[in-house]
Amino acid sequence: MSEDDGGGKLRNSVTGAGPEPGEFFTPYPDQVLENVLENVLIFLKSRRDRNAVSLVCKSWYRAEAYTRSDLFIGNCYSVAPRRVTNRFKRIRSVSLKGKPRFADFSLLPADWGAHFTPWVSAMATAYRSLEKIYLKRMSITDDDLAMIAHSFPNFKELVLVCCEGFGTSGLAIIASECRNLRVLELVEDDVSDDEVDWISFFPPEGTTHLESLSFDCVETPFNFEALERLVARSPLLKKLRLNRYVSIGQLYRLILRSPQLTHLGTGSFSTLGVIGQQQEPDYTSAFAACRSIVCLSGFREIAPEHLPALLPLYANLTSLNLSYASIEPHELRPAIRHCHKLQVFWALDSICDEGLQAVADTCKDLRELRVFPVDASENVEGPVSEVGLLAISIGCSKLESILYFCQQMTNAAVVAMSKNCPELVVFRLCIIGRYRPDRVTGEPMDEGFGAIVKNCKKLTRLAVSGLLTDRAFSYIGQYGKLVRTLSVAFNGDSDTGLKYVLEGCTNLQKLEIRDSPFGDSGLQSGLHHFYNMRFVWLSSCRVTRQGCMEIARILPKLVVEVFRRDEETDEEEDRVRGDFVDTLYMYRSLDGPRPDAPQFVNIL
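Note that the structure is a prediction, hence the values are computed from the model and not measured.

*Asks:* It is not clear to me how the overall build of the protein should be interpreted in this structure. Could you clarify?
*Replies:* From N to C terminus, the protein includes 21 helices and 24 strands. For the protein, with 604 residues in total, the buried portion stands at 57%. Taking contacts inside the protein between residues at least 6 apart in sequence as the whole, the part at least 24 apart equals 72%. Carbon and sulfur atoms make up 50% of the accessible area of the protein, which amounts to about 24,600 Å² in all.

Now the structure itself:
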């Protein structure tokens, strides 16, 4: 059993790093070389390097497994839990991913799968020393959380990203039972309200080990006094992200008790909930005392008149997340002009092109930009355009990652970004609407995306949109040799375009396509490469069931799942779709089809 980063190269998706230097191991019988190798491998941290080591020979394979402490599995269905626990014996940290990314766009039914239960059941007996769990797009129940709390006596870190299936009852168990807890981060999770005040379940006395507490996605009120006492008893707390039930007045009380914070999620940055206050607190002085804060986020509800109170923080900020705050350009400019150290900036498109120009004028060290739409309707003229993109490309030449939602774009602006920002690793341009051409010339967006893959030599992730022909995909196949993740929506010409990608992008790991005219011929051009990929996702394309069955026949170790169309689909749409499958999901698994497929999933 061998592996690489996330499930490719004829391997499974188990990767990781070794234990801390200085730990020594008992050699295998009559294997002095393995004893030496083990004490070398403990210094090897890179997942890719460890994967390469495990492929050398059986001796190196055994030694690598014996010295591994960190486990990464990019697809929870690529390997069975028992196979993992049988091979790796000293795991202390597990990172596990479930549903494909398009699940974020409601393209996947809620009960599709990605259950954590079989994993935690296997790990509960095999990994008693487990300290860290990171889950993304997984279904985790309250019972799973209880098993974590009761099975791992030295458990320290739990990070759940875009997960579902659990509620405040499960969080209460983690809070009360995990006495060594350092990190509890809940990020964009769907947390049910069990009417349990989970914050009150943290131990009421004594100093805690908490270093990070994030729960901005938990849409339930709680006992603020319990949180205040918890923060006061947590001298190591560096990261605190609050939900919208924490008002600015309550935030004021918290930051007075935790001047050591480096990351702050503000909750509701308004006076809502401030009761019985005779005089407005001196917010500016309170924030001035928090000189260590470098990351600000949250702002679920914001009163613009309170933004000046943050003035003492702006000069030191390296990250500012305004993606939930509808702030207009005149409100942003006075703040952003102080943010000379900013490297990460997320915002809604309400800041307009003028706001992006202000960012470009000040934030010369910017590395990551994300601009989300307030209104994603196709018929709405968006407030950001090629003007804002061009300004960013001119002012922020160190940019490495961009996600940009807009309703209109030009090739000229995209070409300029490719030349001005050659360090781009991630380029995701989402032109809202179907098959939208260059706003000025009316031409396809081929040359813009072609320039990105030509000029940005480090590009590993690409999302394309707008009107594209086969020419754009030929550019991607020819120049996108490092691209590992490609997302395609509402564009494409013919199967030839998909052939260019599958035959040219030799490092492609994740391919996700929706509402594009690609069919069996284009898909089957990737038969030589599918075993090397983590997954392939196609929805609302022109792939037939017969074509999918042919792939399943030729590649027996590839799991080919076809999702049945929604039962509420009208007859006209059903007639138009004909024999085309609604959704296709393919991935390689060492252990065959998954046992928990719901009824609407047909495994070929």
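Following the structure, the description resumes.
*Asks:* When you look at the packing of helix α17 (residues 470-479) against helix α18 (residues 495-504) in this model, what are you seeing that I'm missing?
*Replies:* Helix-helix packing is characterised by the crossing angle of the two axes and by the distance between the axes. Put simply, α17 and α18 touch, their axes get as near as 8 Å, and they point 5° apart. Taken together, α17 and α18 sit at an angle that is classed as roughly parallel. Residues Asp470, Phe473, Ser474, Ile476 and Gly477 of α17 lie in contact with α18, whose contacting residues are Thr496, Gly497, Tyr500, Val501 and Gly504. Residue composition of the contact of α17 with α18, by class: 4 nonpolar, 5 polar and 1 charged.

*Asks:* Help me out: how do you make sense of the pairing of strand β20 (residues 510-514) in this one?
*Replies:* Consecutive side chains along a regular strand alternate between the two faces of the sheet. Within β20, 4 of the 5 residues are buried, leaving the element largely enclosed by the surrounding structure. The parallel pair strand β19 (residues 485-489) and β20 is bridged by α18, and the resulting crossover is right-handed. Judged from the 5 bridges that link them, β20 and strand β21 (residues 535-539) form a sheet pairing that is parallel. Across the sheet, residue Arg514 finds its bridge partner in β21, namely Ser539.

*Asks:* What is the right way to read the side chain of Asp495 from this model?
*Replies:* Residue placement: Asp495 occurs in helix α18. Despite its burial, Asp495 pairs with no opposite charge, the nearest such side chain being Lys499 at 6.3 Å. When sequence neighbours within four positions are dropped, the list of residues in contact with Asp495 reads Pro517, Phe518, Gly519, Asp520, Ser521 and Gly522.

*Asks:* So what exactly am I meant to see when it comes to the nonpolar core here?
*Replies:* Inside soluble globular proteins, nonpolar side chains tend to come together where they are buried. Of all hydrophobic cores here, the largest spans 169 residues; its most connected members are Phe116, Ile148, Leu227, Phe345 and Phe427. Filtering out sequence-adjacent residues up to four positions away, Phe116 remains in contact with Leu96, Met123, Ile133, Leu135, Met138, Ser139, Ile140, Asp144 and Ile148. Of all hydrophobic cores here, the second largest spans 7 residues; its members include Phe372, Phe405, Cys430 and Ile432.

*Asks:* Before we go on, may I ask you to explain helix α14 (residues 386-395) in this structure?
*Replies:* Residues spaced three or four apart along an α-helix point in a common direction, a consequence of the helix completing one turn every 3.6 residues. Counting buried residues along α14, 7 of its 10 residues qualify, which places the element largely inside the surrounding structure. Buried within α14 we find Glu386, Gly388, Leu389, Ala391, Ile392, Ser393 and Gly395. Contact partners of the buried residues in α14: α13 (352-362), β15 (368-372), β16 (401-406) and α15 (411-420).

*Asks:* Quick question: what am I supposed to make of the packing of aromatic side chains here?
*Replies:* The geometry of an aromatic ring pair is captured by two quantities: the separation of the ring centres and the angle between the planes. In total, this model carries 20 aromatic pairs according to the counting rule given. Residues Phe535 and Tyr585 carry aromatic rings whose centres are separated by 5.8 Å and whose planes lie at 50° to one another, so their mutual orientation is tilted. Here Phe535 is found in strand β21, whereas its partner Tyr585 is found in strand β23 (residues 583-588), with 50 residues between them in sequence. Like Phe535, the residue Tyr585 is buried in the burial classification. Connected via pairs of aromatic rings, a cluster forms that spans Tyr77, Trp112, Phe535, Trp537, Phe563, Tyr585, Tyr587 and Phe600. Just above the ring of Tyr531 sits the side chain of Arg588; from NZ or CZ to the centre is 5.4 Å. Sitting over the ring of Trp112, Arg594 keeps its end group 4.3 Å from the ring centre.

*Asks:* Help me understand the confidence of the model for the protein, please; the structure alone is not making it clear to me.
*Replies:* Note that predicted coordinates carrying low pLDDT should not be read in detail. Overall, the predicted model of the protein reaches an average pLDDT of 87, with 88% of residues at or above 70. Segment residues 569-576: pLDDT under 50, and 2 contacts once partners within four positions in sequence are set aside and those in other chains are kept.

*Asks:* What am I meant to see in the packing of helix α12 (residues 329-336) against α13 here?
*Replies:* Relative orientation of the contacting elements α12 and α13 amounts to 10°, with a least axis distance of 9 Å. The orientation of α12 with respect to α13, classified from their angle, is roughly parallel. In this structure, α12 uses Pro329, Leu332, Arg333 and Ile336 to contact α13, whose residues at the interface are Cys352, Glu354, Gly355, Ala358, Val359 and Thr362. For the contact of α12 with α13, the class distribution of residues is 6 nonpolar, 2 polar and 2 charged.

*Asks:* For this particular structure, what's the right way to read the pairing of strand β14 (residues 344-348)?
*Replies:* Most of β14 sits inside the fold, with 4 of its 5 residues counted as buried. Both strand β13 (residues 319-322) and β14 contribute to a ladder of 4 bridges, which runs parallel. Across the sheet, the residue bridging to Ser319 is Val344, located in β14. Considered for its hand, the β-α-β crossover made up of β13, α12 and β14 is right-handed.

*Asks:* How do you make sense of the environment of Asn321 when you look at a structure like this?
*Replies:* Mapping Asn321 onto the fold places it in strand β13. Separated by 26 residues in the primary sequence, Asn321 and Cys295 have C-alpha atoms spaced 8.0 Å apart. When neighbours within four sequence positions are excluded, Asn321 is seen to be in contact with Arg241, Leu296, Ser297, Gly298, Phe299 and Trp346. A polar atom in the side chain of Asn321 sits 2.6 Å from the side chain of Ser323.

*Asks:* What is the right way to look at helix α7 (residues 168-177) in this model?
*Replies:* In terms of burial, α7 is largely enclosed, as 7 of its 10 residues are buried. All of the buried residues along α7 are Thr168, Gly170, Leu171, Ala172, Ile174, Ala175 and Ser176. The secondary structure elements touched by the buried residues of α7 are α6 (142-151), β5 (157-161) and β6 (183-187).

*Asks:* Honestly, the side chain of Asp353 in this entry has me stumped. Any pointers?
*Replies:* Inspection of the secondary structure assignment puts Asp353 in helix α13. No salt bridge is formed by the buried Asp353; the nearest opposite charge belongs to Arg439, separated by 8.4 Å. The contact partners of Asp353, leaving out residues within four places of it in the chain, are Pro383, Val384, Ser385, Val387, Gly388 and Tyr404.

*Asks:* When you look at unusual backbone geometry in this model, what are you seeing that I'm missing?
*Replies:* Glycine aside, residues mostly have negative phi, and peptide bonds are mostly found in the trans state. The phi torsion at Ala114 lies on the positive side, around 60°, for a residue other than glycine. Mapped onto the secondary structure, Ala114 falls in the loop between β3 (93-97) and α5 (117-126). The phi dihedral of Arg137 is positive, around 55°, even though this residue is not glycine. In this structure, Arg137 sits in the loop between β4 (132-136) and α6.

Quick notes on the rules
Numbering of residues starts from 1 in every chain and runs along the sequence as written. The predicted nature of this model means local features are confined to residues of pLDDT at least 70 and side-chain atom pairs, given and counted, to a pLDDT of 80 or more, with totals for whole chains, interfaces and linings taken over all residues. The basis for every side-chain value is the complete set of heavy atoms in the structure, and neither hydrogens nor water enter the calculation. Here a strand is any run of E in DSSP of at least two residues, a helix any run of H or I of at least four, and the numbering for each starts at the N terminus. A simple rule labels every residue: compare its accessible area, found with a 1.4 Å probe on the protein chains alone, to the largest value its type can have, and call it buried under 20%, exposed over 50%, or partly exposed in between. By definition, residues are in contact when any of their heavy atoms lie within 4.5 Å. In short, Shrake-Rupley with a 1.4 Å probe defines the accessible areas, and a residue's cover is counted only from the protein chains shown. In this analysis, axes come from line fits to C-alpha atoms, helices being fitted only over the stretch in contact, and the angle between any two N-to-C directions falls in the range 0 to 180 degrees. Roughly parallel refers to an angle under 35 degrees, roughly antiparallel to one over 145, roughly perpendicular to one between 65 and 115, and oblique to any angle outside these ranges. Residues were grouped as follows: Ala, Val, Leu, Ile, Met, Phe, Trp, Tyr, Cys and Pro as nonpolar; Asp, Glu, Lys and Arg as charged; and all remaining residues, including Gly, as polar. Crossover handedness is defined here as right-handed if the route from the first strand over the helix to the second strand goes clockwise, with the strands pointing away from the viewer. Two strands pair under a simple rule: DSSP has to find at least two bridges between them. When charges are counted, Lys and Arg are positive and Asp and Glu negative, with His and the chain ends excluded. Basic side-chain nitrogens of Lys or Arg form a salt bridge, by our definition, when they fall within 4 Å of a carboxyl oxygen of Asp or Glu. Definition used in this section: a nonpolar core is a set of buried Ala, Val, Leu, Ile, Met, Phe, Trp, Tyr and Cys residues joined via side-chain atoms within 4.5 Å. Only Phe, Tyr and Trp rings are paired, with Trp represented by its six-membered ring, and only when their centres lie within 6.5 Å; those with planes under 30 degrees apart are stacked, over 60 edge-to-face, the remainder tilted. By definition, being over a ring means that NZ of Lys or CZ of Arg is both within 6 Å of the ring centre and within 35 degrees of the ring normal. The pLDDT value tells you how sure the predictor is about a given residue, anywhere from 0 up to 100. In protein, a polar contact means a hydrogen-donor-capable atom and an acceptor-capable atom, both N or O and within 3.5 Å, with residues adjacent in sequence counting only if both atoms are side-chain atoms; elsewhere, any N or O pair within 3.5 Å suffices.

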